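Given next are the chains, with one letter for each unit.
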Amino acid sequence: LGKINMAFVGRMFEKIKSWIAWSWTYLWAVWFMLVVFVVYILRGPLKLNDNVTSATMFLNNLTPKFYVALTGTSSLISGLILIFEWWYFKKYGTSFIEQVSLNHISPLLTGSSGEATIETNSSNSTQQNSIPECKVWRNPLNLFRGSEYLRFTWATNKEPLTYYDMNLSAQDHQTFFTCEADNGKPDYEIMQVAWRERNPQARIRAAHDALEKNPECAPALVLLAEEESPSIVEAEKLLKQAYKSAETNYRKSQQTQHNNSTQEIIHRRDSNILVYVKRRLAMCARKLGKTREAVKMFRDLMKDFPCLNLFNIHENLIEALLELQAYADVQAVLGKYDDISLPKSATICYTAALLKARQVADKFSPDIASKRGLSTAEMNAVEAIHRAVEFNPHVPKYLLEMKSLILPPEHILKRGDSEAIAYSFFHLQHWKRVEGALNLLHCTWEGTFRMIPYPLEKGHLFYPYPTSTETADKELLPAFHEVSVYPKKELPFFILFTAGLCSFTALLALLTHQYPEPMGHIAKTALGWLYLPVSYIIEKLEAILPSNLIQQLARI
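Residues numbered from 1 in each chain as written. Predicted model: local features only at pLDDT ≥ 70, side-chain atom pairs only at ≥ 80, totals over all residues. Heavy atoms only, no water.

## Looking at the overall build of the chain
Inference 1: When its secondary structure is counted, the chain shows 27 helices and two strands.
Inference 2: Within the chain, the proportion of its 556 residues that are buried is 44%. (Helix = DSSP H or I, 4+ residues; strand = E, 2+ residues; numbered from the N terminus. Buried < 20%, exposed > 50% of the residue type's maximum accessible area, 1.4 Å probe, protein only.)

Listed below in structure tokens is the structure:
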């Protein structure tokens, strides 16, 4: 009992109460509409008089047409409600009827006031805010727009980047490459406007205009390398020019940074440009096969700028070291950054799992392990895989090629589908290179979900899985990609309930149409049984109340 999440049990109990209450309300509403509709349609065949007050005569006058119309109309109404519920669930991820019952009907039935509801909602929001939600980060391994993303667009006629993602990049570039002290400098003023342009050609034209003002304008050279260069080789040439200019500006501002606050801001801007350009140069070297040169540049950046963790350069270093199969160096980097006080990422968690799996994966067999049990090394590898899957449960399907990959976005959401795509896009080859690693992952990754059956309520090694990842990933990932959702949403109770009611009433309508006499007899018998308690209550009321009271109420 001590392990039971009482908050979860309480919420489920409240939901069950609201489901029962709304089910009765729903049934009464449906049948009331049915009776009104059917009586209106069949008032001719029934030949009812206003003076007829006997329920027995009413039941005896019912024909098979009435039962066919009754069940058919019930099936039609339930089907329409089912279609609306399904559409609402697909669009908003929740049940409309459940929302109405929880927010409006349940408070009325329990007698809780609006103030109490507001207070509960505020306490829940405070509790949710106390848990750090995942935020959007810049992808440390993002591709080049001109030489990589644009080639994909030409080949497939699809846009790999969303406007939201590119807008975040524009904001990043404005933050990295501009500052308040740029006023009065024509080239930097042009680039301030260029980063905000939505049209790529307008940005490129603005960069050329800035270079006409100043041929050594580093931000303009960076923009052309990112967006105009048709190949990595051309991008590398422009970045080398930008690096020379950025290094000169950095050394100048370094000498005057302590003079005043303005010089300090300029030095910070020059530092950002220098780090960004050198990091992109190292990525160009990595893409062109000069991996050792790339590793040296990444190490130099981490040594010269140890406090600048904005670009997550250690993830670039880890990927390059894995390409060199320098697993001891990778372990040394993980020993520094896989710390409880530092933010985690899919690269950190899954690389740690890969290194532990590498020690046992080549000899691992699920049949032998089930007979003799797991060794200590195998247990450590499985625990590392479970830890990685708990942090980001979307990655295994991409690594095991159960789901197709797309080009990674320029920004990722920690623990989301976008991060899983970015990691798998660059690290799938490293998992394939380690013999048996993917087999071990395939055999063990689903066991994570048995350890955390309610991931939104409580985590095991990390915070509970955030509920906002799906919405943010839909903004970051292109429309042609089906976003991976965790945990998988179950169909709401009312969709199943409405589907069952629709199918049941449709079956009754079909049977009544095919076999009118037997079904009519069954229906009259069932209605007679249902009427027995009502007639008993009426007889008792007639014995207690005056004889003319019911007639007077009937006249009203």
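## Observations regarding the nonpolar core
Soluble globular proteins: nonpolar side chains tend toward being buried together.
Inference 1: Core analysis: the largest hydrophobic core is formed by 94 residues, its most contacted members being Met191, Val277, Phe298, Tyr350, Leu399, Trp431 and Leu441.
Inference 2: Ignoring anything within four residues of it in the chain, the contact list for tyrosine 350 reads Ala388, Val389, Asn392, Val395, Pro396, Leu399, Tyr423 and Trp431. (Core = buried A, V, L, I, M, F, W, Y, C linked by side-chain atoms within 4.5 Å. Contact = heavy atoms within 4.5 Å.)

## Considerations on the environment of glutamate 293
Inference 1: Tracing the backbone shows glutamate 293 in helix α14 (residues 291–304).
Inference 2: Here glutamate 293 falls in the partly exposed class, since its relative accessible area comes to 41%.
Inference 3: The sequence separation of glutamate 293 and methionine 283 amounts to 10 residues, and the corresponding C-alpha distance is 9.9 Å.

## Focus on the pattern of salt bridges
Inference 1: A complete count under the given rule lists 19 salt bridges for this structure.
Inference 2: The shortest N-O distance in the salt bridge between glutamate 247 and arginine 251 comes to 3.1 Å. With glutamate 247 and arginine 251 both in helix α12 (residues 232–256), this residue pair falls four residues apart, about one helical turn.
Inference 3: The salt bridge partner of arginine 269 is aspartate 270, with a shortest N-O separation of 2.9 Å. (Salt bridge = Lys/Arg side-chain N within 4 Å of Asp/Glu carboxyl O.)

## Observations regarding the packing of helix α15 (residues 313–323) against helix α16 (residues 327–337)
The angle between the axes and the distance between the axes are what describe a pair of packed helices.
Inference 1: In the contact formed by α15 and α16, the axes pass within 8 Å of each other and the chain directions differ by 160°. As far as their axial angle goes, α16 and α15 are roughly antiparallel. Crossing of α15 over α16 shows left-handed handedness. Of the residues in α16, those touching α15 at His314, Leu317, Ile318, Leu321 and Leu322 are Tyr327, Asp329, Val330, Val333, Leu334 and Tyr337.
Inference 2: Residues belonging to the contact of α15 with α16 are distributed by class as follows: nine nonpolar, one polar and one charged. (Axes fitted to C-alpha atoms, helices over the stretch in contact; angles between N-to-C directions. Parallel < 35°, antiparallel > 145°, perpendicular 65-115°, else oblique. Left-handed = near helix turned anticlockwise from the far one by under 90°. Nonpolar A, V, L, I, M, F, W, Y, C, P; charged D, E, K, R; others polar.)

## Some words on the environment of alanine 282
Inference 1: Locating alanine 282 in the fold gives a position in helix α13 (residues 261–287).
Inference 2: Owing to a relative accessible area of 0%, alanine 282 belongs among the buried residues under this scheme.
Inference 3: Residues alanine 282 and phenylalanine 298, 16 residues apart in the sequence, show an inter-C-alpha distance of 6.7 Å.
Inference 4: Once you skip the residues sitting within four places of it in the chain, alanine 282 turns out to touch Ala294, Met297 and Phe298.

## Looking at the packing of helix α17 (residues 346–358) against helix α21 (residues 417–433)
Inference 1: Where α17 contacts α21, the axes come no closer than 10 Å and their chain directions differ by 30°. If you check the angle between α17 and α21, you find them roughly parallel. Considering only the axes of α17 and α21, their crossing is right-handed. When α17 is examined against α21, the residues Ala346, Thr347, Tyr350, Thr351, Ala353 and Leu354 are found in contact with a partner set consisting of Glu419, Tyr423, His427, His430 and Trp431.
Inference 2: Of the residues in the contact of α17 with α21, the class split is six nonpolar, four polar and one charged.

## Looking at empty space enclosed by the protein
Inference 1: All told, the structure shown has four cavities of 30 Å³ or more when counted by the stated rule.
Inference 2: Computed from the structure, the largest cavity encloses a volume of approximately 80 Å³.
Inference 3: Around the largest cavity, the lining is made up of 13 residues, and of these Glu315, Thr347, Ile412, Ala422 and Tyr423 lie nearest the centre.
Inference 4: Considering each element in turn, the lining of the largest cavity owes the most residues, four residues, to α21.
Inference 5: For the lining of the largest cavity, the per-class residue count stands at six nonpolar, four polar and three charged.
Inference 6: Elements supplying a minimum of two residues to the lining of the second largest cavity: α11 (218–227) and α13. (1 Å grid on protein atoms, 1.4 Å probe; cavity = no way out; pocket = protein on both sides within 12 Å on 5 of 7 lines; lining within 4 Å. Points joined across faces, edges and corners; volume = space filled by probe spheres on them.)

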